[in-house]
Amino acid sequence: MLILENIKMALNSLRASKMRALLTMLGIIIGIGSVIAIMTVSSSLTTSISDSFQEMGANNVTVGIRQSSEEEEVSSRGLRFGAAAKNISADEEDYITDEMLDGLKKKFPEEIDAVAISESIGSGTAGLSGSTSNVSVLGINEDYFRSSKISLLAGRKIRKADLTGGKKVMMVSDKVVENLFGGNNESALAQKLSVSLDGNYYDYYIVGIYKYESGSNLSESTDEDVVTTAYIPLTTGKEQIHSADGYSQFTVVTSTGVESVSDFAGRIENFLSPYYADNEDYEIATSTMESMTESMTDMISTVSIAIAFIAGISLLVGGIGVMNIMLVSVAERTREIGTRKALGAKNSSIRLQFIIESVALCLVGGCIGVVTGLILGASAASVLGYAASAPLPAIVIAVAFSMAIGVFFGYYPANKAAKMNPIEALRYE
């Protein structure tokens with residue numbers, strides 16, 4: 001009951017001097033609001049990045065070859081130098097072979113859902129009846145679209161039969177159809193398309209049309225200038241450019257039963273590494289969207305916490321303001337304190353009264369700061385193009401911290417009030 005009475009007295013005191021209370025809480029409001037706003041933007045950015053990586057294939061493992069890392073060289077004085085980077089072009093014996101891929105599938109039949117392979121064939125223009133459209137030709141296998149999501153608008157995707165037969169078929173974007181066929185998807189299907197790549201012309205038949213997602217070519221300003229990907233069978237593309245057998249990289253689409261994609265990536269690397277035991281120039285390396293997401297979110301969190309810490313310095317200023325106003329409040333209510341002590345009030349009761357008043361002051365300021373920070377953070381996230389995400393742990397910590405500030409900076413004035421001599425307090429003018 002004593003605590004409830006003190007809370008009521010604290011709230012009545014705040015209502016009695018609204019402007020002074022507001023000015024006192026201003027430092028708390030600014031500090032808490034700044035921290036919450038920063039954490040809201042950080043949380044929104046992290047969520048957006050995670051969702052983007054999820055769409056790109058969070059359960060994918062990219063496997064490829066890279067130049068072997070060199071060990072550090074130590075001089076006679078103990079100085080460490082990295083060996084000069086090698087600039088060696090990969091030969092056919094350095095590439096990943098079909099036999100390696102078959103062995104990988106047999107080793108992990110339950111974990112591997114698909115193996116997607118792609119190779120750049122070149123960039124050029126697709127032409128028809130005097131109209132042109134810019135394209136980047138990519139050779140793919142039948143599993144490619146298991147790792148890359150696209151929306152098929154008409155026709156079909158590249159099939160295994162297209163690869164085994166080395167067929168000259170192509171999937172194009174709706175932008176190509178818009179530029180060459182006036183946007184009529186049905187009339188574009190089965191049409192022969194001539195594509196110029198590095199001064200050579202190749203003919204393909206359109207078998208599928210997919211929806212182009214904008215944003216990947218930010219430098220392009222018009223639909224006519226935009227470069228979209230055109231997909232052809234990998235075997236057709238490799239024969240066309242006389243590419244060496246094997247692959248520099250591929251993507252493993254893991255099944256839903258794989259708990260940790262990063263751990264599975266390590267198992268893939270361990271399985272393929274013996275194939276490169278005698279290769280002095282190249283080795284196997286893997287990467288996952290999961291590890292990239294973790295690295296990105298860790299970096300964002302570190303930067304956000306550093307900025308929030310700097311913004312939180314204003315909380316110290318706010319706490320000093322609270323201590324100052326509580327000292328003023330103690331001086332103004334000296335006779336009241338003397339009267340209560342004369343009537344038998346204990347020092348602990350006096351101390352508790354002023355601590356609760358200080359906590360109430362900071363708590364109200366903290367709540368206002370949280371609301372202000374959420375509004376500012378949501379507005380900033382909206383301007384940046386991210387969906388607002390409220391950082392619940394930061395909100396709880398902010399409210400608890402504001403209460404801690406109230407206790408810390410309110411204790412000295414409260415203790416000073418509790419130790420007053422009742423006789424001198426009653427004689428205070």
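Not measured: the values here are computed from a predicted model.

What counts and what doesn't
Residues numbered from 1 in each chain as written. Predicted model: local features only at pLDDT ≥ 70, side-chain atom pairs only at ≥ 80, totals over all residues. Heavy atoms only, no water. Axes fitted to C-alpha atoms, helices over the stretch in contact; angles between N-to-C directions. Helix = DSSP H or I, 4+ residues; strand = E, 2+ residues; numbered from the N terminus. Left-handed = near helix turned anticlockwise from the far one by under 90°. Contact = heavy atoms within 4.5 Å. Nonpolar A, V, L, I, M, F, W, Y, C, P; charged D, E, K, R; others polar. Buried < 20%, exposed > 50% of the residue type's maximum accessible area, 1.4 Å probe, protein only. Pairing = 2+ DSSP bridges. Core = buried A, V, L, I, M, F, W, Y, C linked by side-chain atoms within 4.5 Å. Salt bridge = Lys/Arg side-chain N within 4 Å of Asp/Glu carboxyl O. Lys, Arg positive; Asp, Glu negative; His and termini not counted. 1 Å grid on protein atoms, 1.4 Å probe; cavity = no way out; pocket = protein on both sides within 12 Å on 5 of 7 lines; lining within 4 Å. Points joined across faces, edges and corners; volume = space filled by probe spheres on them. Phe/Tyr/Trp six-rings, centres within 6.5 Å; stacked < 30°, edge-to-face > 60°. Polar contact = N/O pair within 3.5 Å; in protein donor to acceptor, adjacent residues only side chain to side chain. Arc of directions from axis to C-beta.

S.K.: What is the right way to read the packing of helix α12 (residues 334-342) against helix α13 (residues 347-384) from this model?
M.R.: The geometry of a pair of packed helices is captured by two quantities: the angle between their axes and the separation between those axes. Packing of α12 against α13 leaves a shortest axis separation of 10 Å and a crossing angle of 145°. When you trace α12 past α13, the crossing you get is right-handed. Packed against α12, whose contacting residues are E336, I337, R340 and K341, the element α13 presents N347, S349, I350, Q353 and F354 at the interface. Per-class residue counts for the contact of α12 with α13 are 3 nonpolar, 3 polar and 3 charged.

S.K.: Where do I start with the pairing of strand β11 (residues 228-233) in this structure?
M.R.: For a regular strand, side chains alternate in direction, first toward one face of the sheet and then toward the other. Of all 6 residues in β11, 5 are buried, a share of seventy percent or more. For strand β6 (residues 131-140) and β11, the ladder comprises 6 bridges, and the chain directions are parallel. Counterpart to V137 in the pairing with β11 is A230.

S.K.: I tried to follow the nonpolar core on my own but got confused; where do I start?
M.R.: A general feature of soluble globular proteins is that nonpolar side chains tend to end up buried together. One finds V63, I96, Y231, F250, V252 and I268 to be the most contacted residues of the largest nonpolar core, which totals 36 residues. Those residues in contact with V63 that sit more than four places away from it in its chain are I96, S248, Q249, F250, V252, I268, L272, I284, A285 and T286. Counting residues in hydrophobic clusters, the runner-up holds 32 residues, among them I28, L315, I356 and A360.

S.K.: Would you mind going over the pattern of salt bridges with me for this structure?
M.R.: A pair can form between side chains of opposite charge whenever their charged atoms are brought close. On inspection of all chains with the given rule, the structure shows 5 salt bridges. A salt bridge links E283 to R66; the shortest N-O distance between them is 2.9 Å. Highlighted residues: E283 in strand β13 (residues 282-288) and R66 in strand β1 (residues 60-67), separated in sequence by 217 residues. The class for R66 is partly exposed, based on a relative accessible area of 42%. In this structure, R156 and D162 form a salt bridge, with 2.8 Å as the shortest nitrogen-oxygen distance.

S.K.: Which parts of the structure should I look at to understand the side chain of D143?
M.R.: Summarising the element assignment, D143 is placed in the loop between β6 and α4 (144-147). Buried D143, no salt bridge; nearest opposite-charge side chain is R146, N-O distance 4.4 Å.

S.K.: In this structure, what is going on with the pairing of β6? I would like to understand it.
M.R.: Note that strand β5 (residues 118-128) and β6 share 10 bridges and pair antiparallel. The residue of β6 that forms the bridge with L128 is S131. If you look at the hairpin formed by β5 and β6, you'll find 2 residues sitting between the two strands, and S129 has a positive phi there, around 50°.

S.K.: Just checking my understanding: could you explain empty space enclosed by the protein for this structure?
M.R.: The gaps of empty space that remain are located by a probe, the size of a water molecule, rolled over the atoms. Counted under the stated rule, the structure contains 1 cavity of 30 Å³ or more. Quantified by volume, the largest cavity comes out at close to 100 Å³. Of all the secondary-structure elements, those providing two or more residues to the lining of the largest cavity are α1 (2-16), α2 (18-57), α11 (313-332) and α13. Class assignment of the residues belonging to the lining of the largest cavity gives a composition of 5 nonpolar, 4 polar and 2 charged.

S.K.: Sorry, what's going on with the packing of aromatic side chains here?
M.R.: Within a pair of aromatic rings, the relevant descriptors are the distance that separates the centres and the angle that separates the planes. Applying the stated criterion across every chain, the model contains 8 aromatic pairs. Ring plane angle 85° and centroid distance 5.2 Å describe the contact between F108 and F264, whose orientation is recorded as edge-to-face. One end of the pair, F108, is in the loop between α3 (98-107) and β4 (112-116); the other, F264, is in helix α9 (residues 261-272), and 156 residues separate them in sequence. As far as burial versus exposure is concerned, F108 and F264 are alike and both buried. Summarising the aromatic geometry, the rings of F145 and Y231 are spaced 5.2 Å apart at their centres and angled 75° between planes, so their arrangement reads as edge-to-face.

S.K.: Just to check I follow, could you spell out the side chain of S44 for this structure?
M.R.: With respect to the helices and strands, S44 occurs in helix α2. The exposure class of S44 is buried, given its relative accessible area of 1%. Among the polar contacts listed, one links the side chain of S44 to the backbone oxygen of T40, at a separation of 2.8 Å. Among residues more than four places away in sequence, those in contact with S44 are A381, Y386, A387, A388 and S389.

S.K.: Is there a simple way to think about the sheet that holds β13 in this case?
M.R.: Remark on secondary structure: sheet strands pair via backbone hydrogen bonds, oriented parallel or antiparallel. Spatial ordering of the open sheet is given by β4-β12-β1-β13, a layout of 4 strands whose pairing is antiparallel. The sheet is open, and its two borders are formed by β4 and β13, each paired with just one other strand. Between one strand and the next, the sheet's axes are offset by a mean angle of 25°, whatever the strand orientation. Bridge analysis of β4 against strand β12 (residues 249-254) gives 4 bridges, and the strand direction is antiparallel. Among the inter-strand pairings, A116 is bridged to a residue of β12, identified as T251. Each of β4 and β12 is contacted by α3, which is oriented at about 165° to β4, the strand it contacts most.

S.K.: I'm lost on α3 in this one. Help?
M.R.: Helical geometry note: an α-helix holds 3.6 residues per turn, so side chains three or four residues apart project in the same direction. When α3 is considered as a whole, its buried residues turn out to be M100, L101, G103 and L104. Looking straight down α3, one finds its buried side chains confined to an arc of 160°; they lie on one side. Those residues of α3 that are exposed and aimed more than 90 degrees away from the buried face are E99 and K106. Of the surrounding secondary structure, the elements contacted by the buried residues of α3 are β4, β12 and α9.

S.K.: Would you mind showing me how to read unusual backbone geometry here?
M.R.: Across the chain, the bulk of peptide bonds are trans and the bulk of non-glycine residues have phi less than zero. Its identity is not glycine, yet A190 carries a phi of approximately 70°, on the positive side. By the element assignment, A190 lies in the loop between α7 (185-188) and β9 (192-197). For D198, which is not glycine, the phi torsion reads 55° and is therefore positive. Counting through the fold element by element, D198 comes out in the loop between β9 and β10 (200-210). Taking the relative accessible area as the measure of exposure, D198 reaches 67% and is therefore exposed.

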